[in-house]
Amino acid sequence: MKQTFSVVALAIAAYAGATLTVQAQDAVAKAAAFDNRMFAGSPGAKAYACFVRQYDANHLAQHQQQKVSAMKLLVAAEERAEDKTLDYSFRLGIRYRHRTGNFDSSGYCNHAVATDAAGEVRFDCSVDCEGGGINVALSKDDKSAIIHLQKIAVWNRDKPDQEAGDALLAGADDKIFRLDRAAAEQCAELVTDRKELAALRHK
């Protein structure tokens with residue numbers, strides 16, 4: 001009887017291990033497919049994707065509580081040499097409709113995961129020190145990024161650090177943003193590192 005239980009236990013363990021392996025392989029395949037969608041092709045060792053939106057008067061008239069008048073998103077991916085996986089990071093640029101100045105945020109992202117019942121592939125990006133973050137998906141045609149947020153810390157790039165801190169809160173009309181894919185050069189203002197700026201412009 002004990003031997004029978006042992007055989008059954010081993011069989012269950014083997015099945016569970018095989019199931020986990022299949023799930024892991026499926027997750028890797030989904031992530032790789034999402035990489036190709038995000039960067040409009042194989043990302044290689046380093047890649048960028050830029051998405052922008054300038055909200056027109058008609059849109060703002062229909063969304064009177066929307067605080068944001070323009071937004072840019074730069075997604076970067078860089079391959080880790082040790083395991084050939086991609087590290088994602090983001091930079092977000094914001095202009096407000098009733099405030100002057102350019103506001104920025106940045107942070108790192110989890111790799112692509114399916115996060116809802118419909119199986120939509122997204123990735124979560126966060127800002128250090130409990131600065132909130134964003135959740136990013138792609139439209140079905142891959143021509144737009146869909147950004148979901150509740151709260152994200154932003155900084156006025158034209159002010160000293162101690163005066164620059166702020167936060168964009170979702171509110172009624174600032175929960176979801178649809179930004180259109182653009183040439184990487186259009187997001188160059190979000191990059192401050194000279195080497196990275198050169199790499200971005202080379203793309």
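Residues numbered from 1 in each chain as written. Predicted model: local features only at pLDDT ≥ 70, side-chain atom pairs only at ≥ 80, totals over all residues. Heavy atoms only, no water.

Asker: Any chance you could explain the overall build of the protein chain here in plain terms?
Answerer: Each helix and strand counted, the protein chain has four helices and 10 strands in total. Ordered by position from N to C terminus, the α and β elements of the protein chain give α-β-α-β-β-β-β-β-β-β-α-β-β-α. Burial analysis of the protein chain (203 residues in total) assigns 38% to the buried set. Restricting the contact set of the protein chain to residue pairs at least 6 apart, pairs at least 24 apart contribute 54%. Put simply, the protein chain shows about 12100 Å² of open surface, and 53% of that area lies on carbon and sulfur atoms. (Helix = DSSP H or I, 4+ residues; strand = E, 2+ residues; numbered from the N terminus. Buried < 20%, exposed > 50% of the residue type's maximum accessible area, 1.4 Å probe, protein only. Contact = heavy atoms within 4.5 Å. Areas by Shrake-Rupley, 256 points an atom, 1.4 Å probe, with all protein chains shown as cover.)

Asker: Could you clarify how one ought to interpret the pairing of strand β4 (residues 103–109) in this entry?
Answerer: Successive side chains on a regular strand alternate, one facing one side of the sheet and the next facing the other. Of all seven residues in β4, five are buried; the element is thus mostly enclosed. With seven bridges joining them, strand β3 (residues 86–96) and β4 adopt antiparallel strand pairing. Within β4, the residue paired with Ser 89 across the bridge is Tyr 108. Counted along the chain from β3 to the antiparallel partner β4, the turn is six residues long, and its residue Gly 101 has a positive phi close to 105°. Of the strand pairs in this sheet, β4 and strand β8 (residues 144–156) are connected by two bridges, and their pairing is antiparallel. Bridged to Asp 104 within β8 is Trp 155. As paired elements, β4 and strand β6 (residues 121–126) share two bridges and run antiparallel to each other. Paired with Cys 109 across the strands is Cys 125, a residue of β6. (Pairing = 2+ DSSP bridges.)

Asker: Would you mind going over the side chain of Arg 122 with me for this structure?
Answerer: The topology assignment puts Arg 122 in strand β6. At 3.4 Å, the side chain of Arg 122 and the side chain of Asn 135 are in polar contact. (Polar contact = N/O pair within 3.5 Å; in protein donor to acceptor, adjacent residues only side chain to side chain.)

Asker: Please explain the packing of aromatic side chains as it appears in this structure.
Answerer: In this description, an aromatic ring pair is defined by two values, namely the gap between the centres and the angle between the planes. Enumeration according to the criterion identifies five aromatic pairs in this entry. Pairwise contacts between aromatic rings join Phe 34, Phe 39, Tyr 88 and Phe 123 into one cluster. Sitting over the face of the ring of Tyr 96, Arg 99 holds its NZ or CZ atom 5.0 Å from the ring centroid. (Phe/Tyr/Trp six-rings, centres within 6.5 Å; stacked < 30°, edge-to-face > 60°. Lys NZ or Arg CZ within 6 Å of the ring centre and 35° of its normal.)

Asker: Any chance you could explain the nonpolar core here in plain terms?
Answerer: For soluble globular proteins, the rule of thumb is that nonpolar side chains tend to be buried together. Ranked by internal contacts, the top residues of the largest apolar core, which has 38 residues, are Met 38, Leu 73, Tyr 88 and Ile 134. If you look at the next biggest cluster of nonpolar residues, it comprises 12 residues, including Leu 74, Ala 182, Ala 184 and Leu 190. (Core = buried A, V, L, I, M, F, W, Y, C linked by side-chain atoms within 4.5 Å.)

Asker: What should I look at first to understand the state of the cysteines in this one?
Answerer: Every disulfide links exactly two cysteines, by a covalent bond between their sulfur atoms. The final tally for this structure, using the stated rule, is two disulfides. Two residues, Cys 50 and Cys 187, share a disulfide whose sulfurs are 2.0 Å apart. With the S-S dihedral at roughly 80°, the linkage between Cys 50 and Cys 187 falls on the right-handed side. Pair noted here: Cys 50 is in strand β1 (residues 46–54) and Cys 187 is in the loop between β10 (176–182) and α4 (194–202), with a separation of 137 residues, a long-range link. Each member of the pair Cys 50 and Cys 187 is classed as buried. Between the sulfur atoms of Cys 109 and its disulfide partner Cys 125 the distance amounts to 2.1 Å. Handedness here is read from the sign of the S-S torsion; for Cys 109 and Cys 125, about 100°, the answer is right-handed. Here Cys 109, found in strand β4, pairs with Cys 125, found in strand β6; they are 16 residues apart in sequence, far enough to count as distant. Numbered by order of appearance in the sequence, the disulfide-linked cysteines of the protein chain pair as 1-4, 2-3. (Disulfide = S-S within 2.5 Å.)

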